[in-house]
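# Analysis of the macromolecular model
Spelled out, the chains give:
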Amino acid sequence: QVQLVESGGGLVQPGGSLRLSCAASGSISAINAMGWYRQAPGKQRELVATITRGGTINYADSVKGRFTISRDNARNAVYLQMNSLKPEDTAVYYCNADVLRRSSVYFREYWGQGTQVTVSS
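Below: a short report on this structure. As the structure is a computational prediction, the values presented were derived from the model and not from experiment.

Within the chain, the secondary structure is distributed over 0 helices and 11 strands. Helices and strands appear in the chain in the N-to-C order β-β-β-β-β-β-β-β-β-β-β. Projected onto its principal axes, the C-alpha positions of the chain cover 50 × 25 × 25 Å. A burial count over the chain gives 40% of its 121 residues as buried. Here the analysis covers contacts within the chain between residues at least 6 apart in sequence; of these, 56% occur between residues at least 24 apart. Put simply, the chain shows about 6,400 Å² of open surface, and 46% of that area lies on carbon and sulfur atoms. Of the side-chain charges in the chain, 13 are positive and 8 negative, and the distance between the mean point of each set is 5 Å.

Here it is in structure tokens:
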């Protein structure tokens, strides 16, 4: 089995920073893209940022210039540095990874359980 475990969420004031981490574990042969998505109350889940194994990055327009995604391929980990946080960034943030298990020949998408980020004064 494969698990994605997020950490680093919490409560922060507007203008503050948080760093999210996500580590993938289990019977992993390879990981292609990894990324972060978020879901605010009453809204659909939306892409925040993605990064391929080779380092190609994509950001949602709403976070460009404020958030930075990075990954450590040796640790099967992905990170999200969030600066200049705004109340509208409040959401549950989910880690996502496209994983090839050792027992498989196909990549499959996995999700973490989510971590709450609340931006409020």
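This next bit is on the packing of aromatic side chains. Throughout the structure, instances matching the rule amount to 1 aromatic pair. Here Tyr37 and Trp111 contribute two aromatic rings whose centre-to-centre distance is 5.1 Å and whose plane-to-plane angle is 65°, an arrangement assigned as edge-to-face. Here Trp111 lies in strand β10 (residues 107-111) and Tyr37 lies in strand β4 (residues 28-39), a separation of 74 residues in the sequence. The exposure class assigned to Tyr37 is buried, which follows from its relative accessible area of 18%.

With that settled, the discussion passes to the pairing of β10. Here strand β9 (residues 91-101) runs beside β10; their pairing, made up of 5 bridges, is antiparallel. What sits directly across from Leu100, in β10, is Phe107. If you look at the hairpin formed by β9 and β10, you'll find 5 residues sitting between the two strands.

The rules behind each value
Once a new chain begins, its residue numbering starts again from 1 and follows that chain's sequence as written. At least 70 in pLDDT is required for a residue's local features to be given in this predicted model, at least 80 for side-chain atom pairs to be given and counted, and no such filter applies to totals for whole chains, interfaces and linings, which use all residues. In computing side-chain properties, one takes all heavy atoms of the structure into account and sets aside hydrogens as well as water. Counting from the N terminus, the helices are DSSP H or I runs at least four residues long and the strands are E runs at least two residues long. The rule is simple: take the accessible area with a 1.4 Å probe, protein chains only, and divide by the maximum for that residue type; under 20% is buried, over 50% is exposed, in between is partly exposed. Residues are treated as being in contact if the distance between any of their heavy atoms lies within 4.5 Å. All accessible areas in this document rest on Shrake-Rupley with a 1.4 Å probe, and a residue is counted as covered only by the protein chains that are shown. Positive charge is attributed to Lys and Arg, negative charge to Asp and Glu, and no charge count is given to His or to the chain ends. For the purpose of locating charges, the reference atoms are NZ of Lys, CZ of Arg, CG of Asp and CD of Glu. We call Phe, Tyr and Trp rings a pair once their centres come within 6.5 Å, taking the six-membered ring for Trp, and we label the pair stacked below 30 degrees between planes, edge-to-face above 60, and tilted otherwise. Pairing between two strands is assigned when DSSP locates at least 2 bridges connecting them.

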